[in-house]
Amino acid sequence: MKLAIPKETAEGEARVAASPETVKKLLGLGLEVTVEAGAGAGSAISDDHYAEAGASIAPDSGAALNDADIVFKVGAPDAEQRARMRRGAVLVALLNPLGRKEDAAAYAAAGIDAFAMELVPRISRAQSMDALSSQSNLAGYKAVLDAAGEYHRVLPMMMTAAGSIAPARVFVMGVGVAGLQAIATARRLGAIVSATDVRPATKEQVESLGAKFVMVESEETAAAETAGGYAREMSEDYKRRQAELIAETIARQDIVITTALIPGRPAPTLVTEDMVKTMRAGSVINDLAVEAGGNCPLSEPGKVVVKHGITLIGYTNVPSRVAEDASLLYARNLLAFLTPLIDGETGTLKIDWEDEIVQGACLTRDGAVVHPLLKEEGA
């Protein structure tokens, strides 16, 4: 069976869906691996590195995808790539299924069996496949470095002959994987860190990292987490009380990093314009949710802007800003997802369609949209 790794076509995407390490392991599963020339350039992986691992190098996307049984990608294929895929091919990628619902119908019409890595269920058996976590972990780390780069002071306390410098105060909003890594990174850099989340279960995690937890506690917060580990949207009354506490906290911060996302919904507003105005001039807000509308209405996708004396960072696709490590981890996620689907004796696909991981990630099968989230939306 042929597995293809085409180039990413999205603007600014530097990641790639395979590494020399995973190519060797894919070959060990009995697969033939073809990589499009230049696919790994953004992640400092040369064609020679892939060739040395045993992959064939295709001169263009068409040659890579021609007769491929399986296609690995980082993001969704563009229309041209999709048209080059054969009917019955298996596509595995970060497909943004809830943000690009129309794509599912296109995959079905093309006869592509599409699997979205975002929808892999968060169960213990699938931890090695959790691409959202692997990429968010790096995003949280990079968010702190980006904020520190825009902050024109130092983060740790410094004692010098000329006097002492007070440590910076960093506030992390949203304590998922990205938020926890942001806390850990800011702490390593010597900042005083606090954090907030609507899920009370995160309090222990925050405090274990040496940060202070900031939250309005109520009966509502006890049910603030879904079975999948995501945050539920809270009531208007809770949002008002939490906003008052957050406003008091933000006014004392030097750096604010927001990470709050609700799958399939616009990002909640956490930092209002009025809150921004209370911050000290020169402070920084890094909005990791900017691609979903932003946790701050003043942030702008793909830009670093200054408003009311505050620097607002709105980088999109933050994992791609550390593409080398992001690609290595994502490639392992894909390998872990595919390995159970390959028959060890024949090297062919043997998909258990009743498996909860397969059912959770599968968008389309045999020319039809099959995922409940998309079928309910009429895709």
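No experiment lies behind these values; they were computed from the predicted model shown. (Residues numbered from 1 in each chain as written. Predicted model: local features only at pLDDT ≥ 70, side-chain atom pairs only at ≥ 80, totals over all residues. Heavy atoms only, no water.)

**Student:** I'm lost on the overall build of the protein chain in this one. Help?
**Tutor:** Scanning the protein chain from N- to C-terminus turns up 13 helices and 17 strands. Whereas a compact globule of 379 residues would reach a radius of gyration of roughly 21 Å, the protein chain reaches 22 Å, a difference of no more than 12%. For the protein chain, the C-alpha atoms occupy an extent of roughly 65 × 50 × 35 Å along the three principal directions. Scored against the burial criterion, the 379 residues of the protein chain give a buried share of 50%. (Helix = DSSP H or I, 4+ residues; strand = E, 2+ residues; numbered from the N terminus. Rg over C-alpha atoms; globule rule 2.2 N^0.38 Å. Buried < 20%, exposed > 50% of the residue type's maximum accessible area, 1.4 Å probe, protein only.)

**Student:** Where do I start with the packing of aromatic side chains in this structure?
**Tutor:** The geometry of two aromatic rings is summed up by the distance between their centres and the angle between their planes. According to the stated counting rule, one finds two aromatic pairs in the structure shown. An angle of 20 degrees between the planes, with centres 6.0 Å apart, marks the rings of Phe 115 and Trp 353 as stacked. Residue Phe 115 is located in strand S6 (residues 113–116), and its partner Trp 353 is located in the loop between helix H11 (323–338) and helix H12 (356–361); the two are separated by 238 residues in the primary sequence. Using a relative accessible area of 21% as the deciding quantity, one classes Trp 353 as partly exposed. Put simply, the rings of Phe 115, Phe 337 and Trp 353 pair up and form one aromatic cluster. (Phe/Tyr/Trp six-rings, centres within 6.5 Å; stacked < 30°, edge-to-face > 60°.)

**Student:** So what exactly am I meant to see when it comes to the packing of helix H6 (residues 131–150) against helix H7 (residues 177–188) here?
**Tutor:** Packed helix pairs are specified by the crossing angle of their axes together with the interaxial distance, meaning the distance between the axes. It is at 7 Å that the axes of H6 and H7 come closest, and there the two elements cross at 35 degrees. Considering only the axes of H6 and H7, their crossing is right-handed. Here Ser 133, Ser 136, Asn 137, Gly 140, Tyr 141 and Val 144 of H6 come into contact with H7, specifically with Val 177, Ala 178, Gln 181, Ala 182, Thr 185, Ala 186 and Arg 188. Of the residues belonging to the contact of H6 with H7, the class tally is six nonpolar, six polar and one charged. (Axes fitted to C-alpha atoms, helices over the stretch in contact; angles between N-to-C directions. Left-handed = near helix turned anticlockwise from the far one by under 90°. Contact = heavy atoms within 4.5 Å. Nonpolar A, V, L, I, M, F, W, Y, C, P; charged D, E, K, R; others polar.)

**Student:** What should I look at first to understand the sheet that holds strand S14 (residues 304–307) in this one?
**Tutor:** Strand pairing in a sheet is mediated by backbone hydrogen bonds. Such pairs are either parallel or antiparallel. Taken together, seven strands build an open sheet; the order of strands is S11-S10-S9-S12-S13-S15-S14 and the sheet is mixed. Each edge of the sheet is formed by a strand with only one pairing partner; in this case those strands are strand S11 (212–213) and S14. Sheet topology places S14 next to strand S15 (residues 310–313); four bridges connect them, and they run antiparallel. Residue pairing for S15: Val 306 is matched across the bridge by Thr 311. Seen against the sheet, H6 touches strand S12 (255–258), strand S13 (284–287), S14 and S15 and runs at an angle of roughly 150 degrees to S13. (Pairing = 2+ DSSP bridges.)

**Student:** Teacher, can you tell me more about H6 here?
**Tutor:** The periodicity of an α-helix, 3.6 residues per turn, causes residues three or four places apart in sequence to face the same way. Under the 1.5 Å per step criterion, the end-to-end length of H6 is 28 Å for 20 residues, consistent within 8% with the ideal 28 Å. Listed in full, the buried residues belonging to H6 are Ala 131, Ser 133, Ser 134, Gln 135, Leu 138, Ala 139, Gly 140, Lys 142, Ala 143, Val 144, Asp 146 and Ala 147. Those residues of H6 that are buried are in contact with H7, S12, S13, S15 and H11. The N-capping residue of H6, defined by a side-chain oxygen 3.3 Å from the backbone nitrogen of Leu 132, is Asp 130. (Expected span 1.5 Å × (residues − 1). Polar contact = N/O pair within 3.5 Å; in protein donor to acceptor, adjacent residues only side chain to side chain.)

**Student:** Please explain unusual backbone geometry as it appears in this structure.
**Tutor:** Backbone phi values are negative for most residues with the exception of glycine, while trans is the configuration of most peptide bonds. Positive phi values are uncommon outside glycine, yet Ala 44 reaches one of about 60 degrees. Checked against the element boundaries, Ala 44 lands in the loop between strand S2 (32–36) and helix H2 (47–53). We note that Asn 317 has phi near 50 degrees; this positive angle belongs to a residue other than glycine. Relative to the elements of secondary structure, Asn 317 occurs in the loop between S15 and H11. Looking at Asn 317, the relative accessible area reads 17%, which means it is buried.

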